[in-house]
Amino acid sequence: MNPYDYVKKEPYKLYVNGEFIIPEKGETFDVVNPVNNEVFAKAYKAGTKEVDFAIKAAREAYDNGPWGKMSAKDRSKLLLKAGKILERRLEEFACIETLECGKLFGSVMYYEGGMCVDAFEYFAGKARCIEGKVVPIDSNTINMVQWYPHGVVGEILPWNGPFMMGCQKICAILAAGNTAIVKPSSWASLSMLLLAEVFDEAGFPKGVVNFLAGSGSVIGNALVESPEVDMVAMTGGTSTGKSIIGASKETVKEIALELGGKSPNIIFDDVNVDDAAKWGRWGFTLNSGQVCVSGTRLIVHRNIYEEFLEKLKAEAEKMVPGDGFDSNTTLSTLIHKDHASTVWDYIQKGKDEGARLICGGVPYSDETLKKGNFVPVTVFADVTTDMSIFQEEIFGPVVCVTPFDTEEEAVAIANSTKYGLAGGVFTKDIKRGLRVAQAVDSGQLYINSYFSKGMIESPGTGWRESGLGVAGIQKYMISKTIFVDTEEGSVPY
Ligand code: NAD
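Just so we're clear, the structure is a prediction, and the values are computed from it rather than from any experiment. (Residues numbered from 1 in each chain as written. Predicted model: local features only at pLDDT ≥ 70, side-chain atom pairs only at ≥ 80, totals over all residues. Heavy atoms only, no water.)

**Some words on the packing of helix 3 (residues 72-88) against helix 6 (residues 162-175)**
Between two packed helices, what matters for the description is the angle formed by their axes and the separation of those axes.
So, step 1. Where helix 3 meets helix 6, the axes come as close as 10 Å, and the angle between the chain directions of the two elements is 160 degrees. Of the possible angle classes, the one that applies to helix 3 and helix 6 is roughly antiparallel. The crossing of helix 3 and helix 6 is right-handed. Here Arg 75, Leu 79 and Leu 86 of helix 3 lie close against helix 6, whose contacting residues are Phe 163, Cys 167, Cys 171, Leu 174 and Ala 175.
So, step 2. Looking at the contact of helix 3 with helix 6 residue by residue, the classes come out as 7 nonpolar, no polar and 1 charged. (Axes fitted to C-alpha atoms, helices over the stretch in contact; angles between N-to-C directions. Helix = DSSP H or I, 4+ residues; strand = E, 2+ residues; numbered from the N terminus. Parallel < 35°, antiparallel > 145°, perpendicular 65-115°, else oblique. Left-handed = near helix turned anticlockwise from the far one by under 90°. Contact = heavy atoms within 4.5 Å. Nonpolar A, V, L, I, M, F, W, Y, C, P; charged D, E, K, R; others polar.)

**So, the layout of surface pockets**
So, step 1. Roughly 170 Å³ of internal volume is contained in the second largest pocket.
So, step 2. For the second largest pocket, the full set of lining residues is Pro 23, Glu 24, Lys 25, Glu 27, Lys 45, Ala 46, Gly 47, Thr 48, Lys 49, Glu 50, Ser 215 and Val 218.
So, step 3. If you tally residues by element for the lining of the second largest pocket, the top one is helix 1 (residues 48-63), at 3 residues.
So, step 4. Its residues assigned to classes, the lining of the second largest pocket shows 3 nonpolar, 3 polar and 6 charged. (1 Å grid on protein atoms, 1.4 Å probe; cavity = no way out; pocket = protein on both sides within 12 Å on 5 of 7 lines; lining within 4 Å. Points joined across faces, edges and corners; volume = space filled by probe spheres on them.)

**Let's talk about the packing of aromatic side chains**
So, step 1. Tallying each qualifying case throughout the model produces 16 aromatic pairs.
So, step 2. Taking the centre distance of 4.6 Å and the plane angle of 45 degrees together, the rings of Tyr 15 and Phe 20 count as tilted.
So, step 3. Of the residues examined, Tyr 15 reaches a relative accessible area of 3% and is grouped as buried.
So, step 4. Since its relative accessible area comes to 33%, Phe 20 is described here as partly exposed.
So, step 5. Considering the side-chain rings of Tyr 446 and Tyr 450, the 4.7 Å spacing of their centres and the 65 degrees angle between planes classify their relative orientation as edge-to-face. (Phe/Tyr/Trp six-rings, centres within 6.5 Å; stacked < 30°, edge-to-face > 60°. Buried < 20%, exposed > 50% of the residue type's maximum accessible area, 1.4 Å probe, protein only.)

**Side note on the sheet that holds strand 6 (residues 141-149)**
So, step 1. Strand order in this open sheet of 3 strands is 5-6-22, and the pairing throughout is antiparallel. Every other strand in the sheet has two partners, leaving strand 5 (133-138) and strand 22 (477-485) as the edge strands with one partner each. Averaged over all pairs of adjacent strands, the angle between strand axes in this sheet comes to 25 degrees, irrespective of strand direction.
So, step 2. In terms of strand pairing, strand 6 meets strand 22 through 9 bridges, oriented antiparallel. Its bridge partner being in strand 22, Trp 147 is matched across the sheet by Ser 479. (Pairing = 2+ DSSP bridges.)

**Remarks on the site of the ligand**
So, step 1. Taken together, 26 residues sit near the ligand, with Leu 157, Trp 159, Thr 240, Leu 259 and Glu 393 positioned nearest.
So, step 2. A distance of 2.7 Å separates an oxygen atom of the ligand from a polar atom in the side chain of Trp 159.
So, step 3. Its free accessible area being 850 Å², the ligand has 84% of it covered by the protein chains.
So, step 4. Put simply, the parts of the chain that give the shell around the ligand at least two residues each are helix 8 (216-225), strand 10 (231-235) and helix 9 (238-247).
So, step 5. When the residues that make up the shell around the ligand are grouped by side-chain class, the tally is 12 nonpolar, 11 polar and 3 charged. (Near = heavy atom within 4 Å. Polar contact = N/O pair within 3.5 Å; in protein donor to acceptor, adjacent residues only side chain to side chain. Areas by Shrake-Rupley, 256 points an atom, 1.4 Å probe, with all protein chains shown as cover.)

**Some points on the sheet that holds strand 18 (residues 423-426)**
So, step 1. Across the sheet, 7 strands lie side by side as 14-15-16-13-12-18-19; this open sheet has mixed pairing. Edge positions in the open sheet fall to strand 14 (356-359) and strand 19 (445-447), since each of these has one partner strand only. When the angles between neighbouring strand axes are averaged without regard to direction, this sheet yields 20 degrees.
So, step 2. Summarising the sheet, strand 12 (residues 264-267) and strand 13 (residues 297-301) pair through 4 bridges and their orientation is parallel. Across the sheet, Ile 266 pairs through a bridge with Ile 299, a residue of strand 13.
So, step 3. Where helix 11 (residues 305-317) meets the sheet, it contacts strand 12, strand 13, strand 14, strand 15 (378-381) and strand 16 (398-404), and its direction lies at approximately 50 degrees from that of strand 14.

**Observations regarding the nonpolar core**
The nonpolar side chains of soluble globular proteins are, as a tendency, buried together.
So, step 1. Counting residues in each nonpolar core, the largest one holds 95 residues, and the members touching the most others are Leu 86, Leu 174, Leu 195, Phe 204, Val 209 and Phe 211.
So, step 2. Broken down by element, this core gets its largest block of residues, 11 residues, from helix 5 (residues 105-127).
So, step 3. Counting 26 residues, the second-largest nonpolar core is a separate cluster that includes Ile 299, Tyr 346, Val 411 and Ile 413. (Core = buried A, V, L, I, M, F, W, Y, C linked by side-chain atoms within 4.5 Å.)

**Comments concerning unusual backbone geometry**
So, step 1. One non-glycine residue, Asn 448, lies in positive phi territory at about 60 degrees.
So, step 2. The topology assignment puts Asn 448 in the loop between strand 19 and strand 20 (463-464).
So, step 3. Of note, the phi angle at Phe 451 is positive, near 85 degrees, even though the residue is not glycine.
So, step 4. When you line up the elements, Phe 451 lands in the loop between strand 19 and strand 20.

**As for the pairing of strand 4 (residues 38-44)**
If a strand is regular, its side chains alternate between the two faces of the sheet.
So, step 1. Pairing analysis gives 6 bridges linking strand 3 (residues 28-33) to strand 4, with the strands arranged antiparallel. Within strand 4, the position partnered with Thr 28 by the bridge is Tyr 44.
So, step 2. Where strand 3 folds back onto strand 4 in an antiparallel hairpin, the turn is made up of 4 residues, including Asn 37, whose phi is positive at roughly 60 degrees.

**As for the side chain of Lys 262**
So, step 1. Residue position: Lys 262 is located in the loop between strand 11 (254-258) and strand 12.
So, step 2. Buried within the structure, Lys 262 lacks any salt-bridge partner; Glu 392 is the closest side chain of opposite charge, at an N-O distance of 8.1 Å.
So, step 3. In terms of polar contacts, Lys 262 uses its side chain to reach the backbone carbonyl oxygen of Glu 392, at 2.7 Å. (Lys, Arg positive; Asp, Glu negative; His and termini not counted. Salt bridge = Lys/Arg side-chain N within 4 Å of Asp/Glu carboxyl O.)

**With respect to the pattern of salt bridges**
So, step 1. If you walk through the whole model with that rule in mind, you get 26 salt bridges.
So, step 2. Lys 49 is paired through a salt bridge with Glu 24; the nearest N and O atoms lie 3.4 Å apart. Residue Lys 49 is found in helix 1, and its partner Glu 24 is found in the loop between strand 2 (19-21) and strand 3; the two are separated by 25 residues along the sequence.
So, step 3. Here Lys 418 and Glu 465 are joined by a salt bridge, their closest N and O atoms 3.9 Å apart. Linking Lys 418 in the loop between helix 15 (407-414) and strand 17 (419-420) with Glu 465 in the loop between strand 20 and strand 21 (467-468), this pair joins segments that are 47 residues apart in sequence.
So, step 4. Three or more residues are tied together by salt bridges with common partners; here these are Lys 8, Arg 89, Glu 92 and Glu 197.

**As for a negative patch on the surface**
So, step 1. Together, Asp 352, Glu 353, Asp 386 and Glu 392 give the surface a local cluster of negative charge.
So, step 2. Note on placement: Glu 353 falls in helix 12 (residues 337-353).
So, step 3. Overall, the relative accessible area of 30% leaves Glu 353 in the partly exposed class. (Patch = residues over 30% accessible without salt bridge, like charges linked within 9 Å, V, L, I, M, F, W, Y side chains within 5 Å. Charge placed at Lys NZ, Arg CZ, Asp CG, Glu CD.)

Here it is, written out as structure tokens:
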């Protein structure tokens, strides 16, 4: 397999109203492999003209086209058909995602790719199980609660898992009965532009799913400001989420935001320290730390603190940086040189703020690695809650370690940032594990492991500044309550 065989020679086109289009201005942008920072493809860049075109197409498909009136069963069948097509082409998608995002090929092919196909199957089933309820009020009133699609949904994606997140979100949007305009990040657009081919081949009616690559401030903003778009969902940084909240105020449209995190991972002193160090390392180095729920604050009981640090250092130093197609690689590159530079700035801040550097923190000297955006696994100990490296999301393979003495102190340290996305607790005492999981202010907690094992069935809600709205199909739906008076001759006086 040569992954470059899957790369198109001509620029990747946008997909609007059931057609692959070249934008009016004909502008393109470079697609770069972060392993060596070489341009390996080009993609067309949408402007406001193409955004308007996509909004009209999605509007028409929802309001007057077949989609708005299609039965859940038929929508479900189309999703299943698309899922089969994707499964057939999975290797191609995994190669493109690895080339563009620097991920580990095996992880995309066998984990994320599997989750992508599963999203089509799961939401195809879900489309046929959307139930409302009848609420008992009194004997003369029937009170029905029904769920409706919002209509046209703009879905704005981040760069750290565009293929998996894109599939999960688009399938939920369509299963709920909405039409979609999808905007991937300009650092990671190809998997979504390619996914357009899957929807096209499956025979989705024109305008139901539209894909626009290009600038967040141009396309994203136009989607948020348009009164013709009923809902905008965005996964990305908290500051982008805040600007979307601001820009949506004129239309008061429905918004859903899945934002940043700085998740705590609490290690009590009754654990097997070898295992805990392995889990601790895993929790912040998966995808080189470019995972929203990464456990980037290790809060460790003082009784095992130094022993844990020593073992964590050993685990960190085992990581092998390299190309995601090399099966020996365990540490992938960061997505972009600008992002790597932000991560290096944080590493410098950690040193300046007086945290104790345990390992990493110095650029690789290897000539091949220097071509990419690699950052070694970096562990800072004795990090205090007032340090910026403790408070701010770094989004790289960098962890802060802080000691604690009591359970109450551990929870207080865990809850002392503006974020509330995820968290972990390691202890042999299950009562304590549950108590702490309940006390940490986050939407997702793991006890004695880190990361969910495919969480499509459960919501991953961002508490505090980590988000707005609940994930899953209900996120893309709105309720309506209908009251029916069954009493004969009941009229107001
Ligand atoms: P980002 O905020 O820079 O960009 C996200 C998307 O928003 C991109 O497509 C971008 O083009 C677009 N955008 C930028 N400006 C916009 C604007 N003014 N209006 C509308 N859209 C705009 O985020 P990123 O750097 O791509 O992704 C990393 C971030 O995503 C991290 O903070 C991470 O924690 C977060 N994330 C959260 C979750 C979650 O489930 N909570 C999942 C994955 C990633």
